[in-house]
Amino acid sequence: MLEKLAEIKSKAIDELSNLSDLRELEAWRVRYLGKKSELTQILRGLASLPLEERKAVSASANELKAFFETSHRENKESLKERTYRDLETTVKGEKIDVTLPGRPIPLGRLHPTTQMLRKICDIFVALGFQVVEGPEVEWDYYNFEALNIPPDHPARDMFATFWIDAESGQRPMLLRTHTSPMQIRVMERTRPPVRVVVPGKVYRYEATDATHESMFYQIEGLAVDEHTTFSDLKGTLYEFAKRLFGEERQVRFRCDYFPFVEPGVEMAIDCMVCGGSGCRLCSGTGWIEILGAGMVHPDVLRRVDYDPEVYTGFAFGLGLERIPMLMYGIDDIRLFYSNDLRFLRQF
Ligand code: DAH
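Residues numbered from 1 in each chain as written. Predicted model: local features only at pLDDT ≥ 70, side-chain atom pairs only at ≥ 80, totals over all residues. Heavy atoms only, no water.

### Quick word on the overall build of the chain
Here is the rule: A run of H or I in DSSP becomes a helix once it reaches four residues, and a run of E becomes a strand once it reaches two; helices and strands are each numbered from the N terminus. Note on method: radius of gyration uses C-alpha positions; expected globular size equals 2.2 Å times residues raised to 0.38. Buried residues are those whose accessible area, probed at 1.4 Å on protein chains only, stays under 20% of the maximum for their type, while exposed residues exceed 50% and partly exposed ones sit between those limits. Should any heavy atoms of two residues lie within 4.5 Å, those residues are considered in contact. Every accessible area reported is derived by Shrake-Rupley at a probe size of 1.4 Å, with residue values counting cover from the shown protein chains alone. Charged residues are defined narrowly, with Lys and Arg counted positive, Asp and Glu counted negative, and His plus the chain ends left uncounted. In this description, the location of a charge corresponds to atom NZ of lysine, CZ of arginine, CG of aspartate or CD of glutamate.
In terms of regular secondary structure, the chain is built from eleven helices and ten strands. The globule rule puts the C-alpha radius of gyration for 347 residues at 20 Å, and the 44 Å found for the chain is more than 25% above it. Counting only C-alpha atoms and orienting by the principal axes, one finds that the chain spans roughly 135 × 50 × 40 Å. By residue count, 39% of the 347 residues in the chain fall in the buried class. By sequence separation, contacts in the chain at least 24 residues apart represent 67% of the contacts at least 6 residues apart. With the model as given, the accessible surface of the chain reaches about 20300 Å², and the carbon-plus-sulfur share is 52%. Across the chain, 45 positive and 53 negative side-chain charges occur, with their mean positions spaced 10 Å apart.

### What to know about the packing of aromatic side chains
What counts, and what does not: In summary, the pairing rule links any two rings of Phe, Tyr or Trp, Trp by its six-membered ring, whose centres are within 6.5 Å, and it sorts them by plane angle into stacked for under 30 degrees, edge-to-face for over 60 and tilted for everything else. Should the NZ of a Lys or the CZ of an Arg lie within 6 Å of a ring centre and within 35 degrees of the ring normal, that charge is described as sitting over the ring.
The full count for this structure, using the stated rule, is 21 aromatic pairs. Relative to Phe253, the ring of Phe230 has its centre 6.5 Å away and its plane inclined at 70°; by these criteria the two rings are edge-to-face. Of this pair, Phe230 sits in helix α8 (residues 230–245) while Phe253 sits in strand β7 (residues 251–256), placing them 23 residues apart in sequence. Every member of this aromatic cluster is reached through a ring pair, and the members are Tyr217, Tyr328, Phe336, Tyr337, Phe343 and Phe347. Sitting over the face of the ring of Tyr142, Arg185 holds its NZ or CZ atom 4.2 Å from the ring centroid. When the ring centre of Tyr238 is taken as reference, the NZ or CZ atom of Lys242 above it lies at 4.5 Å.

### A few points about helix α2 (residues 22–33)
Selection rule: One less than the residue count of a helix, multiplied by 1.5 Å, gives the span that helix is expected to have. Arc definition: it is the arc formed by the directions from the helix axis to the C-beta atoms.
Compared with the 16 Å implied by 1.5 Å per residue over twelve residues, the 16 Å span of α2 between its first and last C-alpha is a close match. Taken as a whole, α2 has its buried residues at Leu25, Trp28, Tyr32 and Leu33. The arc enclosing the buried residues of α2, seen along the axis, measures out at 95°, which places them on a common side. Where the residues of α2 are buried, they touch α1 (2–17), α3 (38–44) and α4 (51–93).

### Describing the state of the cysteines
Rules: Our working definition of a disulfide is a cysteine sulfur pair at a distance within 2.5 Å.
Applying the stated criterion across every chain, the model contains zero disulfides. No disulfide involves Cys271; its sulfur sits 3.6 Å from that of Cys274, the nearest cysteine.

### Considering the pairing of strand β8 (residues 261–270)
Along a regular strand, successive side chains alternate from one face of the sheet to the other. Inclusion rule: Note on pairing: two strands pair once DSSP finds at least 2 bridges between them.
Among the ten residues of β8, eight are classified as buried, and the element is accordingly described as predominantly covered. Judged from the six bridges that link them, β7 and β8 form a sheet pairing that is antiparallel. Residue pairing in the sheet places Cys255 in a bridge with Val265 of β8. With antiparallel pairing between neighbouring strands as the criterion, β7 and β8 make up a hairpin whose turn holds four residues.

### Here we look at the nonpolar core
We apply this condition: As used in this record, nonpolar core signifies buried Ala, Val, Leu, Ile, Met, Phe, Trp, Tyr and Cys residues forming a set joined through side-chain atoms within 4.5 Å.
Ranked by size, the top nonpolar core spans 34 residues in total, and within it Ile120, Phe124, Leu237, Phe240, Leu244, Leu291 and Phe316 carry the most contacts. Elements with a contribution of two residues or more to this core: α5 (112–126), β5 (194–203), β6 (215–226), α8, β8, β9 (287–296), β10 (311–319) and α10 (322–328). Per-element accounting of this core gives the leading share, six residues, to α8. Aside from chain neighbours lying at most four places away, what touches Leu244 is Met116, Lys119, Ile120, Ile123, Ile323 and Met327. Core analysis: the next-biggest nonpolar cluster, separate from the first, contains 28 residues, Tyr142, Phe144, Val196 and Tyr311 among them.

### Some details on the domain arrangement of the chain
Interface extent is often summarised as the accessible area lost during association of the parts. Note the cut-off: Where each domain begins and ends is defined by an automated method or by a domain database.
As far as domains go, the chain holds domain 1 (2–93) and domain 2 (113–134 + 189–344). Here the C-alpha centre of domain 2 lies 92 Å away from the C-alpha centre of domain 1.

### Quick look at the environment of Ser78
Stated precisely, the cut-off is as follows: Pairs of N or O atoms are called polar contacts if they sit within 3.5 Å, as long as, within protein, a hydrogen donor faces a hydrogen acceptor (for residues adjacent in sequence, only side-chain-to-side-chain pairs).
Mapped onto the secondary structure, Ser78 falls in helix α4. Separated by 56 residues in the primary sequence, Ser78 and Leu22 place their C-alpha atoms 9.7 Å from one another. A distance of 3.2 Å separates the side chain of Ser78 from the backbone oxygen of Asn75, its partner in a polar contact.

### Quick notes on the sheet that holds β10
Each strand in a sheet pairs with its neighbour through backbone hydrogen bonds, running either in the same direction (parallel) or in the opposite one (antiparallel). Formally: Each axis is a line fitted through C-alpha atoms, taken for helices only over the stretch in contact, and angles between the N-to-C directions span 0 to 180 degrees.
What the seven strands build is an open sheet, ordered β1-β5-β6-β10-β9-β8-β7; its pairing is mixed. Only two strands of the sheet have a single neighbouring strand rather than two, namely β1 (130–131) and β7. Sheet analysis places β6 next to β10, joined by nine bridges and oriented antiparallel. Residue pairing in the sheet places Ala223 in a bridge with Phe314 of β10. Along the sheet, α5 contacts β1, β5, β6 and β10; its crossing angle with β6, the most-contacted strand, is approximately 5°. On top of the sheet, α8 reaches β7, β8, β9 and β10; it is set at about 150° to β9, its chief contact.

Right, here's the structure in full:
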């Protein structure tokens, strides 16, 4: 029995030296001082031992119990202290200096095309136009046919077209070459008065260079009502030019040809760099072309069941990228969609 006690003692001391926190110490206490511990069992069983042995074992066992109790108390203190010390180092180490300036979060920005698109739409919305969008994959019918451009019409040469499955013999389908097809779609589903602008992507099957991209943006405009006149076209577009380019701008309208308008015009503004005297930006002419426009052709109105004797309208279409190019002196349209952050971050 005495040997057993010695064994318990050495095992307990061993384990004690390996404890690392208060929880482990508590488990140790239960193991060696708890009701079910070997030592407690031995102390309980003392009565059944022969007297001589009982005396010796009783002394040893009680001594061991006292030893365990003291060890427990001492270890508890030192472990407690160690825990506080560790906590302190952790807290000190993880201290946050709330006076430090924050790390800046990199901010995204709107693409220059998006910015210009919104600006232009805002101007037309203020003039009473509604913004609508339409499909980029379009039927030949809307892109050409309904706009007075039948198959074999020479005007098809103005639009190098991406055809979709042209050989299939089905209804010909394409990537829209302009936003004008939306004129037809809008008129098909509404009755006058119509006042819409249509921003969106258009596609041309062309080699790219500094002034040509195979994908770019246009904004289309359409206004149809009783008594809409060419004066309304001029007034609206003049107002638009002033709001976008500045109050002092002058505009010039000259004849141009587009199959879906009659008469057709191009609108130019006086050069914002030289004021009209001629410079590099305006190629010495003093004028910069901005958009195509005209009075909606009676045949186009008939297509959508608008009576041209009752209703008249004007339409216009402008290339979007050209405008920031003029305003900011950007000399290559390809910069817009090549995703170079050094370019995009400037806007
Ligand atoms: N759709 C023409 C183009 O892409 C631009 C245009 C000209 C639109 C005259 C119009 C218009 O609405 O009336 O070249």
